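Architecture and fold: a report
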Amino acid sequence: MTYIPRLKTKYKEEIRTALKDKFQYKSVMQVPKLEKIAINQGVGAATTDKKLIENTITELTTITGQQAVSSKSKKDISNFKLRKNMPVGVRVTLRDNTMYEFLDRLIAVALPRIRDFKGINDKGFDGRGNYTLGITEQIIFPEINIDKINKIQGMDITFVTSATNDVEALELLKQFGLPFKNQNNNG
């Protein structure tokens, strides 16, 4: 028997039917689903320190369980001592099982470890049903060993959904268990 992530099963059995009832879809194919999670970490200081990119790639690979790649600059910017094709960030795109695994770890383990955590902001939607969450420090993930960190960095986590608008996407992410701030007011 092959392994199926907990949240994938939850989506197929509970979330899909709940959303279909709530938004009165005619077909289950209309129900919004999570397509991918894109994680991006900008490393501006990498223009001076080449080792920083390698460390960041290792960290992001450890956190996500999938090999991260460096993203290169598109053009020269002299004020930032930046040349074209210099590595300036690290990114990774998660889909299917890896995506559900990461989402599970993010909700259950990483988010509660944020200092003074009161829920995530619901203003990160882009109007097309995608949500971006900014994290200020990568040490909230238990996979990271604090002693081996040489620089605390933040990251952007983007949830790409097939929802057509923000209301549907918000409801989908709430059903998955993302702790939004004002959940009690309009739940």
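Look above for the structure.
We now turn to the structure provided with this report. Owing to the predicted nature of the structure, the values given are computational and were not obtained by experimental measurement.

Overview of the overall build of the protein chain
Tallying secondary structure elements over the protein chain gives five helices and five strands in all. Ordered by position from the N terminus, the helices and strands of the protein chain form the series α-β-α-β-β-α-β-β-α-α. Overall, the C-alpha framework of the protein chain stretches about 55 × 40 × 35 Å when taken along its three principal axes. Within the protein chain, the fraction of its 187 residues that count as buried is 40%. Of all intrachain contacts in the protein chain linking residues separated by at least 6 positions in sequence, the fraction that spans at least 24 positions is 66%. About 10900 Å² of surface is accessible on the protein chain, with carbon and sulfur atoms providing 50% of the total. Averaging the locations of the 30 positively and 21 negatively charged side chains of the protein chain gives two centres separated by 5 Å.

Quick notes on helix 4 (residues 166-176)
Counting buried positions over the eleven residues of helix 4 gives eight, a clear majority of the element. Those residues of helix 4 that sit buried are Glu-168, Ala-169, Leu-170, Glu-171, Leu-172, Leu-173, Lys-174 and Phe-176. The positive-phi residue at the C-terminal boundary of helix 4 is Gly-177, with phi of around 110°.

Digging into the nonpolar core
Ranked by internal contacts, the top residues of the largest apolar core, which has 48 residues, are Ile-37, Leu-106, Phe-141 and Phe-159. Elements represented by at least two residues in this core include exactly helix 1 (6-23), strand 1 (34-42), helix 2 (50-64), strand 3 (87-94), helix 3 (96-110), strand 4 (130-135), strand 5 (155-161) and helix 4. The dominant element in this core, judged by the number of residues it contributes, is helix 3, at seven residues.

Cut-offs applied
Residues numbered from 1 in each chain as written. Predicted model: local features only at pLDDT ≥ 70, side-chain atom pairs only at ≥ 80, totals over all residues. Heavy atoms only, no water. Helix = DSSP H or I, 4+ residues; strand = E, 2+ residues; numbered from the N terminus. Buried < 20%, exposed > 50% of the residue type's maximum accessible area, 1.4 Å probe, protein only. Contact = heavy atoms within 4.5 Å. Areas by Shrake-Rupley, 256 points an atom, 1.4 Å probe, with all protein chains shown as cover. Lys, Arg positive; Asp, Glu negative; His and termini not counted. Charge placed at Lys NZ, Arg CZ, Asp CG, Glu CD. Core = buried A, V, L, I, M, F, W, Y, C linked by side-chain atoms within 4.5 Å.

Function cannot be read off these values alone, since they describe shape.
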